[in-house]
Amino acid sequence: MARSVETVSPSVIIAAVGLGLVVAVPFLFIVLQAIFPELGRGSLTAPFSAFAGALGDAKLIGMTGNTLLLGVLVVVLSALIAIPLAVARALFRVPGAIVWDVLFLIPFMIPPYIAVLGWIMTLQPRGYLEQLAGFNLTGFLFSVPGIVFIMTLNSFPVVYFAVSRTLETVGSRYADVARVFGASPMRAFWRVTLPLSTPGLAASLLLVFAMAIEEYGTPAALGSRAGFDVLVTAIDLRVSDWPIDLPGAAILSLVLVALSFGAFMLQRWVLSRRSYEATTGKPQGTAKRDLGPWKWPVLLTFGLVAFVATGLPLLAILAGALSRTISGGLVWSNLGPDNFAAILGDTTGALRALGTSLSLGVAAALVTGLLGALSAYAVVKSRARGRGVLDVLTILPNALPGIVVAVGLILAWNQPWLPVTPYNTALILLLAYCCILLPQPVRYATAAFHQIGDNLEAAARVFGASPLTAFRRILLPLIAPSLLAAMLLVFAVATRELVASVVVAPVGVSTISTYIWRQFEQGSVGLGMAMAFLTILITTALPLIVLSLMGRRGSLL
Amino acid sequence: MRGEWNSEQAISAQNLTLSYSGIQILRGIDVALPAGQTLALLGPSGCGKTTLLRLVAGLLAPTTGDISINGQMVAGPGVFVPPEKRQLGMVFQDYALWPHLTVAGNVAFPLEMAGIGRAEREARVTAALDRVGLGAMAARSPAALSGGQQQRVAIARAIVGEPRIVLFDEPLSNLDRELRETMVAELGALIRGLGLTAIYVTHDQSEALTLADQVAVMEAGQIAQLATPEHLVEQPASPKVAEFLRLGAILRLVRDAQGWSCAGRALGPLGGPEVALADVLVTPRALRVTEIGQAALTGEVLAAQFRDTGYTVTVRLDGAAEPGRAIRTVQISSDTRMRTGERIGLQILPERLRWFPARADVPM
Ligand SMILES: Nc1ncnc2c1ncn2[C@@H]1O[C@H](COP(=O)(O)OP(=O)(O)OP(=O)(O)O)[C@@H](O)[C@H]1O
Ligand SMILES: [Mg+2]
């Protein structure tokens, strides 16, 4: 290492402070609370005394088992649905391929807790299915298979896009070479395409697993009736219901973090061992094969999946939103824009919730964008000492489920000795969103920085730019397109984030998600549906439109 | 004694070393470059040329030693002037043009950083682009230029701020030969015309010898020889320098009672030092083709290559191959084309040889 007399770049300092505040503090307090049960009273007595009770609890084993089961089942079902679709999409000429891509992107963009409300409306007794077809599927819905089914509809697109993209790239780059050297199409697929695509597939499945074990809305809405507790719902119970059990919540959080971290590290390992997607830009358009007689069955399957995953929940939500009363059912006389009028009239605080969430979404996008860019810079480009620590802090949020972040923030900022605290202000929500969503901008910015030659920054310095000026004038504009995409994603997800909002939102502050959640609990389903519909419109359509204008629709995944 | 003339040097470096995590990349570098002169850094890939240039630019800090620019110490014990304060121009090996700025935006950047007003900036950008013949391309994106054009933009950017010192890192290495030869001439004219002090990194000896007032031949992190081009060609300091400059073949000779011999072939008394073993530089000018019957050296033509003035013929010398050494070949110039496989005799002109006392332990 060259002796560096130069002072550390201000960008690195800002990144370190930001990461400390947003990531390190909440995580540290979870660990502290787990070790020192009396932390809430400002005391460090009786370390580790809560572990025995919490870890020895038979219920913990059960909940951990349930969490793992849920993750595995969602992974399996996602793979079963997504892989055949992806193979067809990548290797054959499927009519309307772009349209299917968009239709499969939408369920990924609709948060499961909103989709689940649509499904409840459809499948419950006297729901839309019963009104149209004469039977209901309540038993299925409020059961483990029901939970798995609904969560899969949200997560299979991850696998679909990852696999179809890898197959396309690999197919055109390597399998064609195998063909030249005499392999039949089948042989080329089995010997070249499939082995080369496995890492991409494995990584996407691990991502689905991580998403599934962190999910709150679906198990909370459906699981309690089925008596199906997972770690996330158990943690929520310990921090929000009497008797509050913070040490227990902290220990469960650590278990969840361990699972999530394991999945994430495995995913990184798989990708770092052999990743063939990252090596090329766009797959070259090679001649795909005709589906032949399979054309109609394949199209039918695509259509069915798109309808179930996208069309049905959207229609159910729209129907609920347009119904004057839910009991009135699906008849013309019962339809009207009353719920939308109520929302726009702000009689129920809906507009304020909308405003709060949208401003928090914008703020989270800006903060994570800046912090993500600076952190990625510090890790990739700077030679500052201690950047290994920063690297860990940028990776850590990947393993921090929303509920854990929320618990950590409560533990950190609700300490009695703090002179000032963001707790009980909307700022605590911003901190939560930033920690949860930081990985997106970091990932995009890291990839972008790797593409930028070191000399571009060096040249700016030689021609008179200070470190900050070089960052602002040269590096930031170069990563801007990627960063903007990531920030849109942050905006979209932060505006309707559910679990942290439910747990840490201060009294009197409601967000889109807590508003919808509360309407549903209070029985004002129509209002909740109308809000849900508006939310989907704003947070799904807006980023999609902006991104497609930028010509990079697919890069969201 | 060095300190006295330090202040007159545009760039000087004393006893520079640089290590990356314990591995020495540069060792004991001493350089002194008077204002207005061009120093070429010449050496094989990986010998540390770019590293030395980055030290001068302030993109790296030396492990030990110090660097002064125009008499002011910019790096040394407890001193480090960051690159933006050194007021240099630099042309990077990969050009490092900023892809999000136009050609004019790239060239204007140094002026902007210097806080120069818009009107003057535009005028100077136009002048700099005109100077490199790219006035018409100001509004283009650098990505839409050819390699040679990008290279000119990089040069325009390096000179637009009128720095006294410009660093060039293999600016021509990415260009094809023809373009390189024209650009060398243009660059030389530019450097002289602006009175620049320049450090010019290259691994092409003809570029170095054409452009430079002084050439530093680097080898494994050290300067093997620092001299004027003429001196370098006339008196290379070591066989390695001679080989790197491709001045000719190095032959190992052994002295016995009858005189010198090469691989068992007696060559007669050639002069040379009073040692038992010596390496000798045999330039093409030191050889003459003779009748094969009476020649001391014989060999077989391996290849004949046409150059502007005649043929350059590579000849493999006869004689027992020594283990561990490459096949001995020499090059000669010839007006006529020789056939591959043809056997010829060679006569050595002793007064044109350059001798190096050999250290037997160093395999060549
Ligand atoms: N960041 C680094 N860490 C460790 N070693 C390095 C680093 N950068 C360069 N080196 C080593 O320093 C040596 C000199 O590198 P340098 O780039 O100066 O070579 P060069 O003479 O410019 O070569 P070229 O002609 O190929 O550009 C090389 O052996 C290289 O491996
Ligand atoms: Mg180099």
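Only a predicted model underlies this, so the values are computations on that prediction, with no experimental measurement involved.

Reading the values: rules and limits
Residues numbered from 1 in each chain as written. Chains lettered and ligands numbered in written order. Predicted model: local features only at pLDDT ≥ 70, side-chain atom pairs only at ≥ 80, totals over all residues. Heavy atoms only, no water. Helix = DSSP H or I, 4+ residues; strand = E, 2+ residues; numbered from the N terminus. Rg over C-alpha atoms; globule rule 2.2 N^0.38 Å. Buried < 20%, exposed > 50% of the residue type's maximum accessible area, 1.4 Å probe, protein only. Contact = heavy atoms within 4.5 Å. Areas by Shrake-Rupley, 256 points an atom, 1.4 Å probe, with all protein chains shown as cover. Lys, Arg positive; Asp, Glu negative; His and termini not counted. Charge placed at Lys NZ, Arg CZ, Asp CG, Glu CD. Buried area = accessible area lost by both parts, 1.4 Å probe. Salt bridge = Lys/Arg side-chain N within 4 Å of Asp/Glu carboxyl O. Polar contact = N/O pair within 3.5 Å; in protein donor to acceptor, adjacent residues only side chain to side chain. Pairing = 2+ DSSP bridges. Axes fitted to C-alpha atoms, helices over the stretch in contact; angles between N-to-C directions. Domains from an automatic or database assignment. UniProt positions renumbered as here; feature names shortened; annotations may be inferred. Phe/Tyr/Trp six-rings, centres within 6.5 Å; stacked < 30°, edge-to-face > 60°. Lys NZ or Arg CZ within 6 Å of the ring centre and 35° of its normal. pLDDT = per-residue confidence, 0-100.

Remarks on the overall build of chain A
Alright, step 1. When helices and strands are tallied, chain A shows 24 helices and zero strands.
Alright, step 2. On C-alpha atoms alone, chain A measures out to a radius of gyration of 24 Å, which is about the 24 Å that the 2.2 N^0.38 rule sets for 557 residues.
Alright, step 3. The buried share among the 557 residues of chain A stands at 54%.
Alright, step 4. Intrachain contacts of chain A at a sequence separation of at least 6 include 77% that bridge at least 24 residues.
Alright, step 5. Surface accessibility of chain A: about 23300 Å² in total, with carbon and sulfur atoms responsible for 68%.
Alright, step 6. Taking the average location of the 34 positive side-chain charges in chain A and that of its 22 negative ones, the two points are 12 Å from each other.

Looking at the overall build of chain B
Alright, step 1. When its secondary structure is counted, chain B shows nine helices and 21 strands.
Alright, step 2. A principal-axis box enclosing the C-alpha atoms of chain B has dimensions of 80 × 45 × 35 Å.
Alright, step 3. In chain B, the proportion of contacts linking residues at least 24 apart, taken out of those at least 6 apart, comes to 64%.
Alright, step 4. Here chain B has roughly 17000 Å² of accessible surface; of this, 50% comes from carbon and sulfur atoms.
Alright, step 5. Treating the 34 positive side-chain charges of chain B as one cloud and the 36 negative ones as another, the clouds have centres 3 Å apart.

As for the interface of chain B and chain A
Alright, step 1. Taken together, the contact between chain B and chain A spans 34 residues of the former and 23 residues of the latter.
Alright, step 2. Across the interface of chain B and chain A, roughly 2500 Å² is buried in total on both sides, 62% from carbon and sulfur atoms.
Alright, step 3. Of all residues in chain B, the largest losses of buried area upon contact with chain A belong to Glu 84, Trp 98 and His 100 of chain B, amounting jointly to 22% of the total for that side.
Alright, step 4. Connecting chain B to chain A are two salt bridges.
Alright, step 5. Note that Glu 84 of chain B and Arg 461 of chain A form a salt bridge whose closest N and O atoms lie 2.7 Å from each other.
Alright, step 6. Summed over the shared surface of chain B and chain A, the result is six residue pairs in polar contact (both at pLDDT 80 or more).
Alright, step 7. Ranked by residues supplied to the side of chain B that touches chain A, first place goes to helix 3 (residues 103-113) of chain B with four residues.

What about helix 18 (residues 427-437) of chain A?
Residue and element names in this part refer to chain A.
Alright, step 1. Counted residue by residue, helix 18 has 10 buried out of 11 residues, so it is predominantly covered.
Alright, step 2. Within helix 18, the full set of buried residues consists of Ile 428, Leu 429, Leu 430, Leu 431, Ala 432, Tyr 433, Cys 434, Cys 435, Ile 436 and Leu 437.
Alright, step 3. Its buried side turned inward, helix 18 meets helix 1 (10-35), helix 15 (350-380), helix 17 (402-413), helix 19 (439-451), helix 21 (467-495) and helix 22 (499-504).

Quick look at the sheet that holds strand 12 (residues 249-256) of chain B
All names here are of chain B.
Alright, step 1. Spatially, five strands are ordered 14-13-12-15-21 in an open sheet, and the strand pairing comes out antiparallel. If you trace the sheet from one side to the other, it starts and ends with strand 14 (265-268) and strand 21 (354-357), each paired once. This sheet shows a mean twist of 40 degrees between the axes of neighbouring strands, independent of strand direction.
Alright, step 2. As paired strands, strand 12 and strand 13 (residues 259-262) are joined by three bridges and run antiparallel to one another.

A closer look at the sheet that holds strand 5 (residues 72-76) of chain B
Two pairing modes exist for strands in a sheet, parallel and antiparallel, and in both the strands are linked by backbone hydrogen bonds.
Residues and elements named next belong to chain B.
Alright, step 1. Read across the open sheet, the five strands follow the order 2-1-4-5-6; overall the sheet is antiparallel. Here the strands that pair on one side only, and so sit at the sheet edges, are strand 2 (23-34) and strand 6 (79-80).
Alright, step 2. Relative to strand 4 (residues 64-69), strand 1 (residues 9-20) is paired through five bridges, and the arrangement is antiparallel. Residue pairing in the sheet places Thr 17 in a bridge with Thr 64 of strand 4.

Topic: the side chain of Asp 204 of chain B
Residue and element names in this part refer to chain B.
Alright, step 1. Here Asp 204 is to be found in the loop between strand 9 (197-202) and helix 7 (205-211).
Alright, step 2. For Asp 204, a relative accessible area of 18% puts it in the buried group.
Alright, step 3. Only 2.8 Å separates the side chain of Asp 204 from the side chain of Ser 206, close enough to count as a polar contact.
Alright, step 4. Polar contacts involving the side chain of Asp 204 include one to the main-chain amide nitrogen of Glu 207, which spans 3.0 Å.

Topic: the domain arrangement of chain B
Alright, step 1. Domain boundaries in chain B define domain 1 (9-240) and domain 2 (248-352).
Alright, step 2. Its C-alpha centre places domain 1 of chain B at a distance of 40 Å from the equivalent point of domain 2 of chain B.

Concerning the UniProt feature "domain: ABC transmembrane type-1" (unreviewed entry) in chain A
Alright, step 1. According to UniProt, the positions carrying the feature "domain: ABC transmembrane type-1" (unreviewed entry) are residues 64-267 and 354-546 of chain A.
Alright, step 2. Within the segment residues 354-546 of chain A, helix and strand shares are 77% and 0% respectively, and the terminal C-alpha atoms sit 20 Å apart.

Observations regarding the packing of aromatic side chains
Alright, step 1. Inspection of the entire model under this criterion finds 16 aromatic pairs over all chains.
Alright, step 2. For the pair Trp 100 of chain A and Phe 302 of chain A, a centre-to-centre distance of 5.6 Å together with 50 degrees between the ring planes defines the contact as tilted. Taken as a pair, Trp 100 of chain A in helix 4 (residues 97-109) and Phe 302 of chain A in helix 13 (residues 295-322) lie far apart in primary sequence, 202 residues in all.
Alright, step 3. Given the relative accessible area of 14%, Trp 100 of chain A is considered buried.
Alright, step 4. Feature note: the residues Trp 100, Phe 104, Phe 156, Tyr 160, Phe 161 and Phe 302 of chain A constitute an aromatic cluster, connected by ring pairs.
Alright, step 5. In this arrangement the basic side chain of Arg 225 of chain A is found over the ring face of Phe 142 of chain A, its NZ or CZ atom lying 3.7 Å from the centre.
Alright, step 6. For Arg 157 of chain B, the ring lying beneath its charged end belongs to Trp 98 of chain B, and the centroid distance is 4.4 Å.

Some points on the confidence of the model for chain A
Residue and element names in this part refer to chain A.
Alright, step 1. Across chain A, pLDDT averages 86, with 93% of residues at or above 70.
Alright, step 2. Looking across chain A, the model is least confident in helix 2 (residues 49-56), with a mean pLDDT of 76, and most confident in helix 18, with 95.
Alright, step 3. Predicted confidence for residues 1-5 stays below pLDDT 50, and this span has 18 contacts to residues more than four positions away or in other chains.
Alright, step 4. In this model, residues 553-557 is a region of pLDDT below 50 whose contacts with residues beyond four sequence positions or in other chains number 21 contacts.

Topic: the pattern of salt bridges
Alright, step 1. Taken as a whole, this structure holds 18 salt bridges over all chains when the rule is applied.
Alright, step 2. The salt bridge partner of Glu 170 of chain B is Lys 49 of chain B, with a shortest N-O separation of 4.0 Å. Here Glu 170 of chain B is found in the loop between strand 8 (165-169) and helix 6 (177-194), whereas its partner Lys 49 of chain B is found in helix 2 (residues 49-57), with 121 residues between them in sequence.
Alright, step 3. Take Glu 170 of chain B: its relative accessible area is 6%, and that puts it in the buried class.
Alright, step 4. Among the residues examined, Lys 49 of chain B registers a relative accessible area of 5% and is labelled buried.
Alright, step 5. Note that Asp 204 of chain B is salt-bridged to Arg 180 of chain B, the shortest N-O span being 3.8 Å. Taken together, the residues Asp 204 of chain B in the loop between strand 9 and helix 7 and Arg 180 of chain B in helix 6 connect sequence positions 24 residues apart. Across the pair, Arg 180 of chain B and Asp 204 of chain B agree in class, each one buried.
Alright, step 6. A single salt-bridge network, built from bridges that share partners, covers Arg 89, Asp 101 and Glu 168 of chain A.

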